[in-house]
Amino acid sequence: MRQTVTVVGAGRVDFSGELGRTMRSSGLLLLAVAASVLALAAACTDRTGGSPLPPATSATSAPTAPKVSNPLPALASYSDKPCELVPPSLISQLGYSDPEPSAAHGPLGPGCGWIDVRTAHGKNLNVAVGVIDGKGDGGIARVQSLNGSLYGFVEPTEISGYPAAYADTTDRRGQGKCALVVGVTDDSTFSVDTDGYSGQQDSCAAAEQVAAAVITTLQGGS
């Protein structure tokens with residue numbers, strides 16, 4: 001097969017015939033391959049360049065409730081006599097009247113309430129046993145798990161070495177209402193609620209004082 005190569009000018013060569021067509025086809029193929037390589041490189045650059053992907057995150061675990069190191073299972077025995085949890089001397093000292101037991105199957109369990117009749121706005125105190133029909137209420141762990149649903153806030157604390165928490169639908173301690181829950185076994189609590197006080201300091205001080213007295217009672221003291 002005859003091929004023709006023509007010198008067109010200085011530095012230029014004209015390929016014609018079959019050889020020219022073959023070389024042109026080869027050149028187009030090389031250009032296509034080069035374009036593919038460049039496109040692939042660009043794609044890789046797009047994947048690795050710019051802002052890095054955020055690292056994978058694990059699910060946030062719920063806070064772990066502290067264990068009760070010295071359980072007080074005697075709480076269950078006060079389900080039918082909740083008013084006896086608080087010494088009469090303390091009730092008198094705090095200025096409350098005779099107790100009035102609440103419904104045995106109330107939302108917080110069997111309870112007892114007192115009212116300070118000497119004040120115009122009516123201070124009141126309520127203590128509830130978190131044991132119904134011999135079953136505990138889930139302990140402090142359940143209180144923490146209900147933060148944001150049943151409770152609008154849960155603030156951990158400690159009473160006489162036992163895990164506790166201020167917990168209520170809304171935080172009204174500044175308005176003289178303090179709700180305190182104390183865990184005495186891993187699956188049971190008792191609660192103390194005070195209302196009608198002047199603010200957080202006196203309402204929670206009374207709640208803490210009553211809670212400490214309840215623990216003393218459960219420990220066999222007076």
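Higher on the page you've got the structure.
Notes on the structure follow. Note that the coordinates shown come from a computational prediction; the quantities given were computed from them, not determined experimentally.

A look at the overall build of the protein
On a plain count of helices and strands, the protein comes out with four helices and eleven strands. Summarising the internal contacts of the protein: among those between residues at least 6 apart in sequence, 48% fall at separations of at least 24. Looking at the protein as shown, the accessible area adds up to about 13,400 Å², and 57% of this sits on carbon and sulfur atoms.

Considerations on the nonpolar core
Counting residues in hydrophobic clusters, the biggest one holds 38 residues, and the most contacted among them are Leu85, Val86, Val182, Phe190, Val210 and Leu218. Breaking this core down by element, the ones donating at least two residues are helix H2 (88-93), strand E4 (111-116), strand E5 (123-129), strand E8 (153-159), strand E9 (162-168), strand E10 (178-185), strand E11 (188-195) and helix H4 (200-218). Top element by residues in this core is H4. It accounts for nine residues. Excluding residues that lie within four positions of it along the chain, Leu218 makes contacts with Leu72, Ala74, Leu75, Tyr78, Leu85, Val184 and Phe190. Counting residues in hydrophobic clusters, the runner-up holds nine residues, among them Val143, Leu146, Tyr151 and Val181.

Some points on the pattern of salt bridges
Applying the stated criterion to the full structure yields six salt bridges. Among the ionic pairs, Lys177 bridges to Asp193, the shortest N-O distance being 3.9 Å. Here Lys177 is found in the loop between E9 and E10, whereas its partner Asp193 is found in strand E11, with 16 residues between them in sequence. Take Lys177 and Asp193: they sit in the same class, and that class is buried.

Focus: H4
Look at H4: 27 Å from first C-alpha to last across 19 residues, which is about the 27 Å you get at 1.5 Å a residue. Positive phi appears at Gly220, one or two residues downstream of H4, with a value of about 100°.

A look at the packing of aromatic side chains
This structure, assessed with the given rule, holds zero aromatic pairs. Lying over the aromatic face of Tyr78, Lys81 brings its terminal NZ or CZ to 5.0 Å of the ring centre. Positioned above the aromatic ring of Tyr166 is the side chain of Arg173, whose terminal nitrogen or guanidinium carbon lies 5.2 Å from the ring centre.

What counts, and where the lines are drawn
- Counting restarts for each chain, with residues numbered from 1 along the sequence as it is written.
- In keeping with the predicted nature of the model, local features appear solely for residues at pLDDT of at least 70, side-chain atom pairs appear and are counted solely at 80 or more, and the whole-chain, interface and lining totals rest on all residues.
- The side-chain figures draw on all heavy atoms in the structure; neither hydrogens nor water molecules are used.
- Secondary structure is summarised from DSSP: a helix means a run of H or I of at least four residues, a strand means a run of E of at least two, and numbering begins at the N terminus for each.
- In this description, contact between two residues means that some pair of their heavy atoms is separated by no more than 4.5 Å.
- For every accessible area listed, the method is Shrake-Rupley and the probe measures 1.4 Å; residues are considered covered only by the protein chains on display.
- Nonpolar cores were defined as sets of buried Ala, Val, Leu, Ile, Met, Phe, Trp, Tyr and Cys residues, with membership established by side-chain atoms within 4.5 Å.
- Throughout this description, buried means an accessible area under 20% of the type-specific maximum (1.4 Å probe, protein chains only), exposed means over 50%, and partly exposed covers the range between.
- Any Lys or Arg side-chain nitrogen found within 4 Å of a carboxyl oxygen on Asp or Glu counts as a salt bridge.
- One less than the number of residues in a helix, times 1.5 Å, gives the span that helix is expected to have.
- Pairing of aromatic side chains here covers Phe, Tyr and the six-membered ring of Trp, requires ring centres within 6.5 Å, and sorts the geometry by plane angle: under 30 degrees stacked, over 60 edge-to-face, intermediate tilted.
- Charges are assigned to positions over rings by a cutoff of 6 Å between ring centre and Lys NZ or Arg CZ, combined with an angular limit of 35 degrees from the ring normal.

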